[in-house]
Amino acid sequence: MRDGDEQVIPHSNEAFGMEVRGFDHIPEPERNMTLPQVDLFWVANSVNLFSFALGALAIAQGLSLGMALAACAVGSIAYIYVSLGSVIAVRAGLPVSTFTRASFGMRGNLLNSTLSWLTAVAFEVINTIFGVEALLALFQLFGWSDPGGSGKLLAVLLQLLLCGGIAVLGHATMVWFQRYFAVLVSAALIAVFAFILGKIDFQHVIGSHALHSSSATVAAFITAAAVIASNPLSFLFNGADWVRYLPSTTRGPTVFWHVFWWSYLPSLGLTMMGALSATLGDMSDPVAGLKPFMPGWLFIIYIFAVVGGSLANNVPTYYSSGLALQAIGLKVHRNVATGIDVVVSAIIALYILFVQDFSSVLNDFIALLVVWVGPFGGVWICDGFMRHGRIDFRAIHSTARASGRYWGWNGLNLAGYAALAAGMITAAMTMMSPLYNGPVAVALGGTDLSWLLGLPVSAFVYYGLTRYSERRAQPANLAAD
């Protein structure tokens, strides 16, 4: 069967069957995703402890509860970028790690694909450790008083089998499971949230932790919003992958709003839950931190929700990691690439749990992630809209060098890398993190502007350089004609 001159594979993406496609193009007859599936997919992907922990950090900035909740609302608006990128992926029918070859060059995209894979592994490890902590608590509640090393190993293996098995099977199976994660995990967390709200003395906490000066309050507010925004920005390297099975005729605004609202609202709710819970006590450990404030039966429900949220967030990350490995150049089928990624992340998680705790290194890596991922997103989102999402899916995989449509200069798109450098320098100069503070941020009293500036700077620079190159090329093209 063919769609024009493109080979169509019947039943290439069915639940509990092996997805045939990888980092290649999805032909129109094979696009079997629906908008309700997009909604539930993003709900499941958003209800995890990472969002809860970021919300708790907003209180740690010294803000009052009202300001912290406002920071959660403002920072989460960064899901706008993921939603814009999703429109491009639907038009292109390709994953991010493939179509970014157009904006960075066939060779130049290797660096970004590698960083995408490393970032995915870091998130996989963090989610796995969250899940291990929750499962260990569950084991103890069920009578295993000292799970120790055996409990840790069992917890990792359980997640490995569940997450890895779903991700290896592919997109349709992942979408099938996400709808159940979305409903069950959300219902459990809503029940926990409602109970926690009853424990908070709002008259006492509404003005507590307030900073003394207005300038310090503004700096802390913007920095807290930056912390919250790091979550939606972290999806810029893979979030658009998951909707590429939508029909390309789906209206752009429709794609945008479905992705935005169904990622923004659950993430907002969970970050606010983290901020509210942080007024009760130390929430640096989101599992143990909430235990004293709820009855045993509800804590068991909460544990299951934590495990479910960890699984629901890890499965899509494993899936996209396999696509990134293919884009890097690993010449294996998607399911093999995904399996390799699952094993690598599990080994790192086991190393952290049994040998050496370098989770602080992972946390520092995530904190610095905005320096790259925001500007990276700015370039490819700008490029995608300039092309109206039209990517030549044959040329994007072509082995042709100088004659290739997306080859660039020696395999590099210089405009893409100049724009990426401009955005990264801007982000580095204006960021605050546990590992590094930018000079501009320090001069502004600790105000983190990296999340606001890095992405738009790279987008504007890319747009300007690309339009300039096109204008310079016009006389030469006319002369050739």
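Residues numbered from 1 in each chain as written. Predicted model: local features only at pLDDT ≥ 70, side-chain atom pairs only at ≥ 80, totals over all residues. Heavy atoms only, no water.

Enquirer: Just checking my understanding: could you explain the overall build of the protein chain for this structure?
Expert: When helices and strands are counted, the protein chain shows 18 helices and two strands. Here the C-alpha radius of gyration of the protein chain, 23 Å, is about what a compact globule of 481 residues would show, namely 23 Å. For the protein chain, the spread of C-alpha atoms along the principal axes amounts to about 75 × 55 × 45 Å. Considering the protein chain as a whole, with its 481 residues, one finds that 56% of them fall into the buried category. If you take every contact in the protein chain between residues at least 6 apart in sequence, the share linking residues at least 24 apart comes to 83%. Approximately 19,300 Å² of the protein chain is accessible, and the part contributed by carbon and sulfur atoms is 67%. Positive and negative side-chain charges of the protein chain, numbering 22 and 24 respectively, have mean locations separated by a distance of 9 Å. (Helix = DSSP H or I, 4+ residues; strand = E, 2+ residues; numbered from the N terminus. Rg over C-alpha atoms; globule rule 2.2 N^0.38 Å. Buried < 20%, exposed > 50% of the residue type's maximum accessible area, 1.4 Å probe, protein only. Contact = heavy atoms within 4.5 Å. Areas by Shrake-Rupley, 256 points an atom, 1.4 Å probe, with all protein chains shown as cover. Lys, Arg positive; Asp, Glu negative; His and termini not counted. Charge placed at Lys NZ, Arg CZ, Asp CG, Glu CD.)

Enquirer: Even after reading the chapter, I still don't get the nonpolar core, so can you show me in this structure?
Expert: Core analysis: the largest hydrophobic core is formed by 136 residues, its most contacted members being Phe-99, Leu-233 and Tyr-302. With 13 residues, the top contributor of residues to this core is helix α13 (residues 296-328). If we skip the residues at most four places from it in the chain, Phe-99 touches Ile-88, Ala-89, Ala-92, Leu-94, Trp-380, Ile-391 and Ile-396. In this structure, Trp-117, Val-125, Ala-337 and Ile-352 belong to the second largest nonpolar core, which totals nine residues. (Core = buried A, V, L, I, M, F, W, Y, C linked by side-chain atoms within 4.5 Å.)

Enquirer: What am I meant to see in the packing of helix α1 (residues 35-46) against helix α12 (residues 252-278) here?
Expert: The packing of two helices is summarised by the inter-axis angle and the distance between the axes. Running from amino to carboxyl end, α1 crosses α12 at an angle of 25 degrees, the nearest separation of the two axes being 8 Å. Between α1 and α12, the interaxial angle falls into the category roughly parallel. Relative to α12, α1 is oriented so that their crossing is right-handed. Each of Leu-35, Val-38, Asp-39, Trp-42, Val-43 and Ser-46 in α1 lies in contact with α12, whose residues at this interface are Thr-254, His-258, Val-259, Trp-262, Ser-263, Pro-266, Ser-267 and Leu-270. Considered class by class, the residues forming the contact of α1 with α12 number eight nonpolar, five polar and one charged. (Axes fitted to C-alpha atoms, helices over the stretch in contact; angles between N-to-C directions. Parallel < 35°, antiparallel > 145°, perpendicular 65-115°, else oblique. Left-handed = near helix turned anticlockwise from the far one by under 90°. Nonpolar A, V, L, I, M, F, W, Y, C, P; charged D, E, K, R; others polar.)

Enquirer: So what exactly am I meant to see when it comes to the pattern of salt bridges here?
Expert: A side chain of one charge can pair with a side chain of the opposite charge when the charged atoms of the two come close. If you walk through the whole model with that rule in mind, you get seven salt bridges. When the shortest N-O distance is used, the salt bridge between Asp-24 and Arg-21 registers 3.2 Å. The class for Asp-24 is partly exposed, based on a relative accessible area of 24%. Across the pair Arg-467 and Glu-470 runs a salt bridge whose closest N-O atoms are separated by 2.7 Å. Separated by three residues within a single helix, Arg-467 and Glu-470 lie in helix α18 (residues 450-480), roughly one turn from each other. (Salt bridge = Lys/Arg side-chain N within 4 Å of Asp/Glu carboxyl O.)

Enquirer: I'm lost on helix α14 (residues 334-354) in this one. Help?
Expert: What sets the pattern is the α-helix's 3.6 residues per turn: residues three or four places apart point alike. The end-to-end C-alpha distance of α14, which contains 21 residues, comes to 30 Å, matching closely the 30 Å that a straight helix rising 1.5 Å per residue would cover. Of the positions making up α14, those classed as buried are Arg-334, Asn-335, Ala-337, Thr-338, Asp-341, Val-342, Ser-345, Ala-346, Ala-349, Ile-352 and Leu-353. (Expected span 1.5 Å × (residues − 1).)

Enquirer: Please explain helix α4 (residues 79-92) as it appears in this structure.
Expert: Between the first and last C-alpha of α4 there are 20 Å, a value that for 14 residues agrees with the 20 Å anticipated at 1.5 Å per step. The complete set of buried residues in α4 reads Tyr-79, Val-82, Ser-83, Gly-85, Ser-86, Val-87, Ile-88, Ala-89, Val-90 and Ala-92. Where α4 terminates, the next one or two residues include Gly-93, which has phi positive at roughly 70 degrees.

Enquirer: Please explain the packing of α4 against α12 as it appears in this structure.
Expert: One can describe the packing of α4 onto α12 by two numbers: an axis separation of 8 Å at closest approach and a directional angle of 140 degrees. The element α4 and its partner α12 pack so that their crossing is right-handed. Contacts from Tyr-79, Ile-80, Ser-83, Leu-84, Ser-86, Val-87, Val-90 and Arg-91 of α4 reach α12 at Gly-252, Val-255, Phe-256, Val-259, Phe-260, Ser-263, Tyr-264 and Ser-267. Of the residues in the contact of α4 with α12, the class split is ten nonpolar, five polar and one charged.

Enquirer: Explain the side chain of Gln-178 to me, please; I cannot follow it from the model alone.
Expert: By the secondary structure assignment, Gln-178 is in helix α9 (residues 171-199). Excluding residues that lie within four positions of it along the chain, Gln-178 makes contacts with Leu-40, Phe-41, Ala-44, Asn-45, Ala-312 and Pro-316.

Enquirer: Could you clarify how one ought to interpret the packing of aromatic side chains in this entry?
Expert: Here the distance between the centres and the angle between the planes together describe a pair of aromatic rings. Here the structure, examined in full by the defined rule, presents 24 aromatic pairs. Judged by centre distance (5.5 Å) and plane angle (40 degrees), the rings of Phe-41 and Trp-242 are tilted. Within this pair, whereas Phe-41 is found in helix α1, its partner Trp-242 is found in the loop between α11 (214-233) and α12, the two being separated by 201 residues in sequence. Since its relative accessible area comes to 1%, Phe-41 is described here as buried. For Trp-242, a relative accessible area of 0% gives the class buried. Aromatic pair Trp-176 and Phe-177: ring centres 5.0 Å apart, planes at 80 degrees, arrangement edge-to-face. (Phe/Tyr/Trp six-rings, centres within 6.5 Å; stacked < 30°, edge-to-face > 60°.)

By themselves, these are just geometric observations and shouldn't be taken as functional.
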